[in-house]
Amino acid sequence: MDTPTARWHASPRREAAPYSDGQTGEVRVPLSLFCIDERLRDVDLVLSRVEGEELLAQLRGALSASSETAFTRRPEVVR
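What comes next is a walk through the structure. None of the values given here were measured: they were computed from a predicted structure.

## Structural notes on the side chain of Arg-13
So, step 1. By the element assignment, Arg-13 lies in the loop between β1 (8-12) and β2 (19-20).
So, step 2. Given the relative accessible area of 16%, Arg-13 is considered buried.
So, step 3. Apart from residues no more than four positions distant in its own chain, Arg-13 is found in contact with Pro-30, Leu-31, Ser-32, Arg-39, Asp-42, Val-43 and Asp-44.

## So, a nonpolar patch on the surface
So, step 1. There is a patch of nonpolar side chains on the surface, built from Leu-45, Leu-55, Leu-59 and Leu-63 and spanning about 340 Å² of accessible area.
So, step 2. With three residues, helix α1 (residues 49-72) is the largest single contributor of residues to the nonpolar patch.

## Side note on the side chain of Ser-32
So, step 1. Tracing the chain through its elements places Ser-32 in strand β3 (residues 27-35).
So, step 2. Taking the relative accessible area as the measure of exposure, Ser-32 reaches 3% and is therefore buried.
So, step 3. There is a polar contact of 2.8 Å between the side chain of Ser-32 and the side chain of Asp-42.
So, step 4. Residue contacts for Ser-32: discarding those within four places in its chain leaves His-9, Ala-10, Ser-11, Arg-13, Arg-39, Arg-41 and Asp-42.

## A closer look at the pairing of strand β4 (residues 38-47)
Consecutive side chains of a regular strand alternate in pointing toward one face of the sheet and then the other.
So, step 1. The pairing of β3 with β4 spans nine bridges and is antiparallel. Bridge pairing in β4 places Ser-32 opposite Asp-42.
So, step 2. If you look at the hairpin formed by β3 and β4, you'll find two residues sitting between the two strands, and Ile-36 has a positive phi there, around 55°.

## With respect to the environment of Asp-42
So, step 1. Turning to its location among the elements, Asp-42 is positioned in strand β4.
So, step 2. For Asp-42, a relative accessible area of 37% translates into the label partly exposed.
So, step 3. Here the alpha-carbon distance between Asp-42 and Arg-13, two residues 29 residues apart in the chain, equals 7.8 Å.
So, step 4. Among all residues touching Asp-42, those that are not within four sequence positions of it are Arg-13, Glu-15, Leu-31 and Ser-32.

## So, the environment of Asp-21
So, step 1. Structurally, Asp-21 can be placed in the loop between β2 and β3.
So, step 2. Note: C-alpha distance between Asp-21 and Ser-48 (27 residues apart in sequence) is 9.9 Å.
So, step 3. A distance of 2.7 Å separates a polar side-chain atom of Asp-21 from the backbone nitrogen of Gln-23.

So, how was this worked out
Residues numbered from 1 in each chain as written. Predicted model: local features only at pLDDT ≥ 70, side-chain atom pairs only at ≥ 80, totals over all residues. Heavy atoms only, no water. Helix = DSSP H or I, 4+ residues; strand = E, 2+ residues; numbered from the N terminus. Buried < 20%, exposed > 50% of the residue type's maximum accessible area, 1.4 Å probe, protein only. Contact = heavy atoms within 4.5 Å. Patch = residues over 30% accessible without salt bridge, like charges linked within 9 Å, V, L, I, M, F, W, Y side chains within 5 Å. Areas by Shrake-Rupley, 256 points an atom, 1.4 Å probe, with all protein chains shown as cover. Salt bridge = Lys/Arg side-chain N within 4 Å of Asp/Glu carboxyl O. Polar contact = N/O pair within 3.5 Å; in protein donor to acceptor, adjacent residues only side chain to side chain. Pairing = 2+ DSSP bridges.

This is how it looks when you write it as C-alpha cells:
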C-alpha cells in the first residue's frame, strides 16, 4: 500500500552546509523535504556528536561498498 509518506524524501539544502555547535556538540544537517519533486519545507536534522559520528561511519561504509560494487560491475571492453 502506497502511503503519502512513502513518496517523501529529503535532500541536503544546496545553499546550506552542515554545522556543529561547539557548546553542545550537536551536529545540524540542513535538509529540504520533498514529496516526489515538490519541495515541502526545510528542516534541520539534529544529531548528537555520537550520532553524527555513527552516521558518518555508516555513510562512508555505504559509499565504499557502492563504489566497489559499481567498479566490479562495469562492462569490460571487448577487443
